[in-house]
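# Structural overview
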Amino acid sequence: MNRSVRGRESRAWVEVSLAAIVENARTVARIAGARLLPVVKANAYGLGAVAVSRALEAAEPWGYCVATVEEGAELRAAGIERPVLVFMPARPDLFDGYLAQRLTPALDDRTSIQAWIAGGGGAFHLEIDTGMGRTGVRWDQIEPLVDLLDTPHLEGCYTHFHSADRRDGSADTQLERFKTAVARLARRPPLLHVSNSAAALRGKAFGLDAIRPGIYLYGATPGEGLPVGKPAVALRARVVSVRRVPRGDSVSYRASWIAPRATTVATLAIGYADGLARSLGLSGEATVLLNGARCPVVGLVTMDLTMVDVGDGRAAVGDVATLVGDADGQGNTLDQVAAWSGMLQHEFLVGLGPRLNRIYT
(Lines give C-alpha, C1' and ligand atoms only; values in the text may rest on other atoms or scores of the structure.)
Protein backbone atom coordinates (compact mmCIF):
# COMPACT_ATOMS: atom_id res chain seq x y z
CA MET A 1 0.00 0.00 0.00
CA ASN A 2 1.46 3.36 -1.02
CA ARG A 3 1.57 5.66 1.97
CA SER A 4 3.65 8.48 0.50
CA VAL A 5 2.47 12.09 0.30
CA ARG A 6 2.15 11.55 -3.46
CA GLY A 7 -1.09 9.84 -2.54
CA ARG A 8 -2.78 13.24 -2.84
CA GLU A 9 -2.14 13.05 -6.59
CA SER A 10 -4.06 9.77 -6.84
CA ARG A 11 -7.74 9.16 -7.52
CA ALA A 12 -8.80 8.76 -3.86
CA TRP A 13 -7.10 8.59 -0.49
CA VAL A 14 -7.45 8.54 3.28
CA GLU A 15 -5.76 11.22 5.37
CA VAL A 16 -4.83 10.13 8.89
CA SER A 17 -3.86 12.67 11.54
CA LEU A 18 -1.46 10.83 13.82
CA ALA A 19 -1.28 13.91 16.04
CA ALA A 20 -5.05 13.74 16.59
CA ILE A 21 -4.86 10.03 17.43
CA VAL A 22 -2.17 10.69 20.04
CA GLU A 23 -4.16 13.59 21.48
CA ASN A 24 -7.27 11.42 21.72
CA ALA A 25 -5.23 8.71 23.45
CA ARG A 26 -3.94 11.13 26.05
CA THR A 27 -7.43 12.55 26.60
CA VAL A 28 -9.10 9.21 27.26
CA ALA A 29 -6.23 8.09 29.52
CA ARG A 30 -6.63 11.26 31.57
CA ILE A 31 -10.41 10.80 31.90
CA ALA A 32 -10.05 7.16 32.95
CA GLY A 33 -7.02 7.73 35.14
CA ALA A 34 -5.32 4.62 33.79
CA ARG A 35 -2.53 3.52 31.48
CA LEU A 36 -3.12 2.98 27.80
CA LEU A 37 -3.44 -0.39 26.10
CA PRO A 38 -4.54 0.87 22.68
CA VAL A 39 -6.44 -1.39 20.30
CA VAL A 40 -4.65 -1.49 16.94
CA LYS A 41 -6.19 -4.71 15.64
CA ALA A 42 -7.52 -4.95 12.08
CA ASN A 43 -4.65 -2.75 10.89
CA ALA A 44 -5.61 -0.07 13.44
CA TYR A 45 -9.19 -0.12 12.18
CA GLY A 46 -7.92 0.16 8.62
CA LEU A 47 -5.69 3.17 9.21
CA GLY A 48 -2.32 1.42 9.46
CA ALA A 49 -1.26 -0.41 12.62
CA VAL A 50 2.45 0.26 12.23
CA ALA A 51 2.11 4.00 11.65
CA VAL A 52 -0.49 4.39 14.41
CA SER A 53 1.48 2.32 16.96
CA ARG A 54 4.70 4.18 16.26
CA ALA A 55 2.89 7.47 16.79
CA LEU A 56 1.27 6.23 20.02
CA GLU A 57 4.71 5.51 21.47
CA ALA A 58 4.70 9.22 22.38
CA ALA A 59 1.81 8.53 24.78
CA GLU A 60 3.86 5.82 26.53
CA PRO A 61 1.24 3.06 26.48
CA TRP A 62 1.68 -0.09 28.57
CA GLY A 63 1.38 -2.08 25.35
CA TYR A 64 -0.88 -2.76 22.39
CA CYS A 65 -3.84 -5.02 21.60
CA VAL A 66 -4.17 -6.99 18.37
CA ALA A 67 -6.43 -9.82 17.24
CA THR A 68 -4.00 -12.31 15.69
CA VAL A 69 -0.45 -13.57 15.85
CA GLU A 70 0.14 -12.17 12.37
CA GLU A 71 -0.89 -8.69 13.51
CA GLY A 72 1.47 -8.95 16.46
CA ALA A 73 4.31 -10.10 14.22
CA GLU A 74 3.80 -7.03 12.04
CA LEU A 75 4.33 -4.75 15.03
CA ARG A 76 7.44 -6.65 16.10
CA ALA A 77 8.87 -6.40 12.57
CA ALA A 78 8.30 -2.65 12.73
CA GLY A 79 10.35 -2.39 15.91
CA ILE A 80 7.57 -2.15 18.51
CA GLU A 81 9.02 -3.54 21.76
CA ARG A 82 6.21 -3.01 24.27
CA PRO A 83 3.95 -5.93 25.25
CA VAL A 84 1.49 -7.01 22.57
CA LEU A 85 -1.66 -8.77 23.78
CA VAL A 86 -3.37 -11.04 21.24
CA PHE A 87 -7.13 -11.20 21.80
CA MET A 88 -7.89 -14.28 19.73
CA PRO A 89 -8.16 -17.28 22.09
CA ALA A 90 -4.75 -18.95 21.93
CA ARG A 91 -4.40 -22.57 20.83
CA PRO A 92 -1.44 -24.69 21.96
CA ASP A 93 -0.55 -25.54 18.36
CA LEU A 94 0.10 -21.84 17.75
CA PHE A 95 2.23 -21.21 20.83
CA ASP A 96 5.49 -21.37 18.89
CA GLY A 97 4.40 -18.25 17.02
CA TYR A 98 3.63 -16.41 20.24
CA LEU A 99 7.01 -17.33 21.69
CA ALA A 100 8.95 -16.44 18.55
CA GLN A 101 7.34 -12.99 18.39
CA ARG A 102 7.27 -12.39 22.17
CA LEU A 103 3.49 -12.02 22.14
CA THR A 104 1.16 -12.28 25.14
CA PRO A 105 -1.68 -14.79 24.71
CA ALA A 106 -5.23 -14.59 26.01
CA LEU A 107 -6.03 -17.90 27.72
CA ASP A 108 -9.26 -19.16 29.26
CA ASP A 109 -9.10 -22.94 29.78
CA ARG A 110 -7.06 -25.47 31.76
CA THR A 111 -5.52 -27.22 28.76
CA SER A 112 -4.17 -24.03 27.22
CA ILE A 113 -2.88 -22.61 30.49
CA GLN A 114 -1.09 -25.85 31.37
CA ALA A 115 0.45 -26.11 27.90
CA TRP A 116 1.59 -22.50 27.91
CA ILE A 117 3.34 -22.75 31.27
CA ALA A 118 4.81 -26.20 30.53
CA GLY A 119 6.15 -24.96 27.20
CA GLY A 120 8.16 -22.19 28.77
CA GLY A 121 5.73 -19.42 27.99
CA GLY A 122 5.96 -16.15 29.87
CA ALA A 123 3.17 -13.77 30.73
CA PHE A 124 -0.43 -14.46 29.76
CA HIS A 125 -3.77 -12.76 30.37
CA LEU A 126 -6.94 -14.49 31.47
CA GLU A 127 -10.14 -13.45 29.73
CA ILE A 128 -13.20 -13.53 31.98
CA ASP A 129 -16.61 -13.65 30.32
CA THR A 130 -18.96 -11.43 32.32
CA GLY A 131 -21.82 -11.36 29.83
CA MET A 132 -20.50 -11.01 26.30
CA GLY A 133 -20.98 -14.75 25.76
CA ARG A 134 -18.23 -14.96 23.20
CA THR A 135 -14.90 -16.09 24.65
CA GLY A 136 -13.33 -16.34 28.10
CA VAL A 137 -14.01 -18.34 31.24
CA ARG A 138 -17.35 -17.47 32.84
CA TRP A 139 -17.06 -15.25 35.90
CA ASP A 140 -18.93 -17.83 38.00
CA GLN A 141 -16.88 -20.81 36.78
CA ILE A 142 -13.39 -19.63 37.65
CA GLU A 143 -12.94 -21.86 40.73
CA PRO A 144 -11.64 -24.93 38.83
CA LEU A 145 -8.79 -22.80 37.45
CA VAL A 146 -7.72 -21.12 40.68
CA ASP A 147 -4.86 -23.54 41.33
CA LEU A 148 -3.37 -23.01 37.87
CA LEU A 149 -3.79 -19.26 38.13
CA ASP A 150 -1.67 -19.07 41.28
CA THR A 151 1.36 -18.27 39.16
CA PRO A 152 3.49 -15.21 38.37
CA HIS A 153 2.84 -15.94 34.69
CA LEU A 154 -0.67 -14.51 35.15
CA GLU A 155 0.06 -10.92 34.22
CA GLY A 156 -3.47 -9.67 33.65
CA CYS A 157 -7.20 -10.33 33.67
CA TYR A 158 -9.74 -8.65 31.45
CA THR A 159 -13.32 -8.67 30.27
CA HIS A 160 -15.31 -7.02 27.49
CA PHE A 161 -18.47 -4.95 27.99
CA HIS A 162 -21.29 -5.66 25.58
CA SER A 163 -23.11 -2.33 25.97
CA ALA A 164 -20.78 0.24 27.53
CA ASP A 165 -22.19 2.84 25.14
CA ARG A 166 -25.61 2.52 26.81
CA ARG A 167 -26.59 3.75 30.25
CA ASP A 168 -28.55 0.60 31.05
CA GLY A 169 -26.52 -0.59 34.06
CA SER A 170 -25.08 -3.57 32.20
CA ALA A 171 -21.48 -2.30 32.36
CA ASP A 172 -21.79 -1.83 36.12
CA THR A 173 -23.11 -5.38 36.46
CA GLN A 174 -20.29 -6.78 34.34
CA LEU A 175 -17.70 -4.82 36.31
CA GLU A 176 -18.97 -6.30 39.57
CA ARG A 177 -18.92 -9.80 38.10
CA PHE A 178 -15.34 -9.22 36.98
CA LYS A 179 -14.25 -7.98 40.40
CA THR A 180 -15.94 -10.95 42.07
CA ALA A 181 -14.09 -13.40 39.81
CA VAL A 182 -10.72 -11.69 40.37
CA ALA A 183 -11.28 -11.72 44.14
CA ARG A 184 -11.41 -15.53 44.02
CA LEU A 185 -7.84 -15.70 42.70
CA ALA A 186 -4.97 -16.49 45.05
CA ARG A 187 -3.10 -13.45 43.77
CA ARG A 188 -4.20 -10.28 42.01
CA PRO A 189 -2.44 -9.93 38.67
CA PRO A 190 -0.63 -6.64 38.02
CA LEU A 191 -2.92 -5.53 35.18
CA LEU A 192 -6.71 -5.47 35.30
CA HIS A 193 -8.38 -3.98 32.22
CA VAL A 194 -12.04 -3.88 31.27
CA SER A 195 -12.70 -0.63 29.42
CA ASN A 196 -13.22 -0.05 25.73
CA SER A 197 -13.56 3.56 24.53
CA ALA A 198 -17.10 4.04 25.82
CA ALA A 199 -16.39 2.67 29.30
CA ALA A 200 -13.09 4.54 29.63
CA LEU A 201 -14.80 7.83 28.82
CA ARG A 202 -17.25 7.25 31.69
CA GLY A 203 -14.49 7.94 34.20
CA LYS A 204 -12.15 6.41 36.72
CA ALA A 205 -14.62 3.84 38.06
CA PHE A 206 -13.99 1.76 34.95
CA GLY A 207 -10.32 2.64 34.50
CA LEU A 208 -8.71 0.05 36.81
CA ASP A 209 -5.05 -0.44 35.80
CA ALA A 210 -5.33 0.03 32.03
CA ILE A 211 -7.87 0.90 29.35
CA ARG A 212 -8.29 -0.43 25.82
CA PRO A 213 -9.50 2.50 23.69
CA GLY A 214 -10.19 1.80 20.04
CA ILE A 215 -12.73 3.76 18.01
CA TYR A 216 -12.33 6.95 20.07
CA LEU A 217 -8.67 7.13 19.11
CA TYR A 218 -9.66 7.35 15.48
CA GLY A 219 -12.03 10.29 15.88
CA ALA A 220 -15.43 8.67 16.31
CA THR A 221 -17.95 9.12 19.11
CA PRO A 222 -18.30 5.80 20.99
CA GLY A 223 -21.71 6.56 22.47
CA GLU A 224 -24.41 9.15 22.96
CA GLY A 225 -23.48 11.79 25.53
CA LEU A 226 -19.81 10.77 25.62
CA PRO A 227 -16.92 13.12 24.78
CA VAL A 228 -16.13 13.59 21.11
CA GLY A 229 -12.58 12.94 20.04
CA LYS A 230 -10.54 15.15 17.76
CA PRO A 231 -11.22 14.24 14.11
CA ALA A 232 -8.45 11.98 12.87
CA VAL A 233 -9.61 10.78 9.45
CA ALA A 234 -10.48 12.39 6.13
CA LEU A 235 -11.58 10.61 2.96
CA ARG A 236 -11.22 12.40 -0.36
CA ALA A 237 -11.65 11.53 -4.04
CA ARG A 238 -11.05 13.29 -7.33
CA VAL A 239 -13.62 14.17 -9.95
CA VAL A 240 -12.97 12.12 -13.10
CA SER A 241 -16.00 13.11 -15.19
CA VAL A 242 -18.45 16.01 -15.35
CA ARG A 243 -21.59 15.94 -17.47
CA ARG A 244 -24.78 17.88 -17.92
CA VAL A 245 -27.81 15.66 -17.27
CA PRO A 246 -31.20 16.70 -18.71
CA ARG A 247 -34.33 16.52 -16.62
CA GLY A 248 -35.69 12.97 -16.62
CA ASP A 249 -32.38 11.26 -17.49
CA SER A 250 -31.18 8.42 -15.31
CA VAL A 251 -27.95 7.89 -13.37
CA SER A 252 -26.28 4.62 -12.31
CA TYR A 253 -27.38 0.99 -12.34
CA ARG A 254 -31.10 0.23 -12.44
CA ALA A 255 -31.68 3.88 -13.32
CA SER A 256 -31.56 4.34 -9.56
CA TRP A 257 -31.72 8.14 -9.77
CA ILE A 258 -33.76 10.23 -12.17
CA ALA A 259 -32.77 13.87 -12.54
CA PRO A 260 -35.68 16.01 -11.28
CA ARG A 261 -34.28 18.97 -13.23
CA ALA A 262 -31.48 19.72 -15.62
CA THR A 263 -28.34 19.50 -13.54
CA THR A 264 -24.63 18.76 -13.50
CA VAL A 265 -23.42 15.39 -12.26
CA ALA A 266 -19.80 14.85 -11.23
CA THR A 267 -18.35 11.35 -11.05
CA LEU A 268 -15.86 10.64 -8.27
CA ALA A 269 -13.07 8.06 -8.50
CA ILE A 270 -14.18 6.01 -5.51
CA GLY A 271 -16.70 3.20 -5.18
CA TYR A 272 -17.86 0.24 -3.17
CA ALA A 273 -14.59 -1.59 -3.88
CA ASP A 274 -13.02 1.16 -1.76
CA GLY A 275 -15.48 0.70 1.09
CA LEU A 276 -18.43 2.93 0.29
CA ALA A 277 -21.87 1.45 0.81
CA ARG A 278 -23.50 0.65 -2.54
CA SER A 279 -26.75 2.13 -1.25
CA LEU A 280 -25.14 5.35 0.04
CA GLY A 281 -26.99 7.61 -2.42
CA LEU A 282 -30.43 6.06 -2.28
CA SER A 283 -31.80 7.87 0.77
CA GLY A 284 -30.96 11.33 -0.50
CA GLU A 285 -29.19 12.21 2.77
CA ALA A 286 -25.53 11.52 1.98
CA THR A 287 -23.49 14.43 0.66
CA VAL A 288 -19.92 15.24 -0.28
CA LEU A 289 -18.17 18.60 -0.11
CA LEU A 290 -17.03 19.96 -3.47
CA ASN A 291 -15.80 23.48 -4.19
CA GLY A 292 -17.57 24.94 -1.18
CA ALA A 293 -20.90 23.23 -1.91
CA ARG A 294 -22.63 20.27 -0.29
CA CYS A 295 -23.50 17.89 -3.12
CA PRO A 296 -25.85 14.91 -2.70
CA VAL A 297 -24.69 11.43 -3.65
CA VAL A 298 -27.10 10.13 -6.31
CA GLY A 299 -27.92 6.65 -7.55
CA LEU A 300 -26.26 3.41 -6.61
CA VAL A 301 -22.56 3.62 -5.83
CA THR A 302 -20.72 1.51 -8.41
CA MET A 303 -17.61 -0.59 -7.88
CA ASP A 304 -15.13 2.14 -8.75
CA LEU A 305 -17.18 5.32 -9.17
CA THR A 306 -19.70 7.46 -7.28
CA MET A 307 -21.94 10.15 -8.75
CA VAL A 308 -22.92 13.42 -7.05
CA ASP A 309 -25.41 16.12 -8.02
CA VAL A 310 -23.56 19.41 -8.38
CA GLY A 311 -26.59 21.42 -9.51
CA ASP A 312 -25.36 24.73 -10.87
CA GLY A 313 -22.18 24.60 -8.81
CA ARG A 314 -18.59 24.30 -10.00
CA ALA A 315 -16.99 21.00 -10.88
CA ALA A 316 -14.08 20.09 -13.12
CA VAL A 317 -12.05 16.98 -13.74
CA GLY A 318 -9.29 16.82 -11.11
CA ASP A 319 -11.23 18.68 -8.41
CA VAL A 320 -11.16 17.07 -4.97
CA ALA A 321 -14.36 16.05 -3.18
CA THR A 322 -14.41 15.38 0.56
CA LEU A 323 -16.50 12.46 1.75
CA VAL A 324 -15.26 12.48 5.37
CA GLY A 325 -13.52 15.46 6.95
CA ASP A 326 -13.45 19.23 6.58
CA ALA A 327 -13.27 21.41 3.48
CA ASP A 328 -14.04 25.07 2.85
CA GLY A 329 -15.42 25.63 6.34
CA GLN A 330 -17.81 22.68 6.21
CA GLY A 331 -17.47 19.11 7.39
CA ASN A 332 -18.75 15.55 7.26
CA THR A 333 -17.97 13.69 10.47
CA LEU A 334 -17.02 10.03 10.55
CA ASP A 335 -20.09 9.41 12.71
CA GLN A 336 -22.40 11.03 10.15
CA VAL A 337 -20.99 9.25 7.10
CA ALA A 338 -21.11 5.89 8.90
CA ALA A 339 -24.76 6.55 9.75
CA TRP A 340 -25.55 7.45 6.12
CA SER A 341 -23.88 4.18 5.18
CA GLY A 342 -25.94 2.14 7.64
CA MET A 343 -22.76 1.05 9.42
CA LEU A 344 -21.00 1.37 12.73
CA GLN A 345 -18.01 3.70 12.55
CA HIS A 346 -15.82 0.62 13.11
CA GLU A 347 -17.32 -1.10 10.06
CA PHE A 348 -16.84 1.94 7.88
CA LEU A 349 -13.17 2.38 8.81
CA VAL A 350 -12.13 -1.25 8.46
CA GLY A 351 -13.97 -1.39 5.14
CA LEU A 352 -11.86 1.33 3.55
CA GLY A 353 -10.08 -0.68 0.89
CA PRO A 354 -6.39 -1.20 0.18
CA ARG A 355 -6.59 0.76 -3.09
CA LEU A 356 -6.88 3.94 -1.03
CA ASN A 357 -3.55 5.51 -0.18
CA ARG A 358 -3.08 6.29 3.52
CA ILE A 359 -1.46 9.69 4.00
CA TYR A 360 -0.13 10.50 7.47
CA THR A 361 0.11 13.96 8.96
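Let me sum up the structure you'll find in this document. What you see is a predicted model, and the numbers here were worked out from it, not measured in a lab.

Taking 1.5 Å per residue as the helical rise, helix α7 (residues 170–183) with its 14 residues ought to reach 20 Å, and the 20 Å between its terminal C-alpha atoms agrees with that figure. Looking at α7, one finds that the buried residues are S170, A171, Q174, L175, F178, A181 and V182. Taken end-on, α7 shows its buried residues confined to a sector of 135°, consistent with a single buried face. Of the surrounding elements, those touching the buried residues of α7 are β6 (124–129), β8 (154–158) and β9 (191–195).

The next point concerns the packing of aromatic side chains. Scanning the model with the defined rule gives six aromatic pairs in all. Judged by centre distance (5.0 Å) and plane angle (45°), the rings of Y45 and Y218 are tilted. Of the two residues, Y45 is situated in helix α2 (residues 41–46) and Y218 in the loop between β10 (210–211) and β11 (233–245); the sequence distance between them amounts to 173 residues. Ring geometry for F161 and F206: centres 5.7 Å apart, planes at 90°, overall edge-to-face. Of this pair, F161 sits in the loop between β8 and α7 while F206 sits in the loop between α8 (197–200) and β10; the two residues are 45 residues apart in sequence, bridging distant segments of the chain. Every member of this aromatic cluster is reached through a ring pair, and the members are F95, Y98 and W116. Between R177 and the ring centre of W139, over which it is positioned, the NZ or CZ distance is 4.0 Å.

Moving on: the pattern of salt bridges. A full pass over the atoms with the stated rule returns 17 salt bridges. D147 serves as the salt-bridge partner of R110, at 2.9 Å between the closest nitrogen and oxygen. Taken as a pair, R110 in helix α6 (residues 110–118) and D147 in the loop between β7 (137–138) and β8 lie far apart in primary sequence, 37 residues in all. Judged by relative accessible area, which is 52%, D147 ranks as exposed. Taken together, the salt bridges that share partners define one network made up of R11, D274, D304 and R355.

Let's shift gears to the nonpolar core. Grouped together as the largest cluster of nonpolar side chains are 111 residues, with contacts concentrated most on I128, Y218 and L235. Looking at which element gives the most residues to this core, the answer is helix α1 (residues 18–32), with eight residues. In contact with Y218, other than residues within four places in its own chain, are I21, V39, V40, A44, Y45, L47, V52, A232, V233, L334 and L349. Within the second largest apolar cluster, seven residues are counted, among which are V251, W257, A259 and V265.

Taken as a whole and assessed by the stated rule, the structure comprises zero disulfides. C157 provides the cysteine sulfur closest to C65, a residue in no disulfide bond, and the two sulfurs are 14 Å apart. Overall, the relative accessible area of 0% leaves C65 in the buried class. Accessibility expressed as a relative area gives 0% for C157, which makes it buried.

Definitions and cut-offs
Residues numbered from 1 in each chain as written. Predicted model: local features only at pLDDT ≥ 70, side-chain atom pairs only at ≥ 80, totals over all residues. Heavy atoms only, no water. Helix = DSSP H or I, 4+ residues; strand = E, 2+ residues; numbered from the N terminus. Expected span 1.5 Å × (residues − 1). Buried < 20%, exposed > 50% of the residue type's maximum accessible area, 1.4 Å probe, protein only. Arc of directions from axis to C-beta. Contact = heavy atoms within 4.5 Å. Phe/Tyr/Trp six-rings, centres within 6.5 Å; stacked < 30°, edge-to-face > 60°. Lys NZ or Arg CZ within 6 Å of the ring centre and 35° of its normal. Salt bridge = Lys/Arg side-chain N within 4 Å of Asp/Glu carboxyl O. Core = buried A, V, L, I, M, F, W, Y, C linked by side-chain atoms within 4.5 Å. Disulfide = S-S within 2.5 Å.

Shape is all these values report; function is a separate question.
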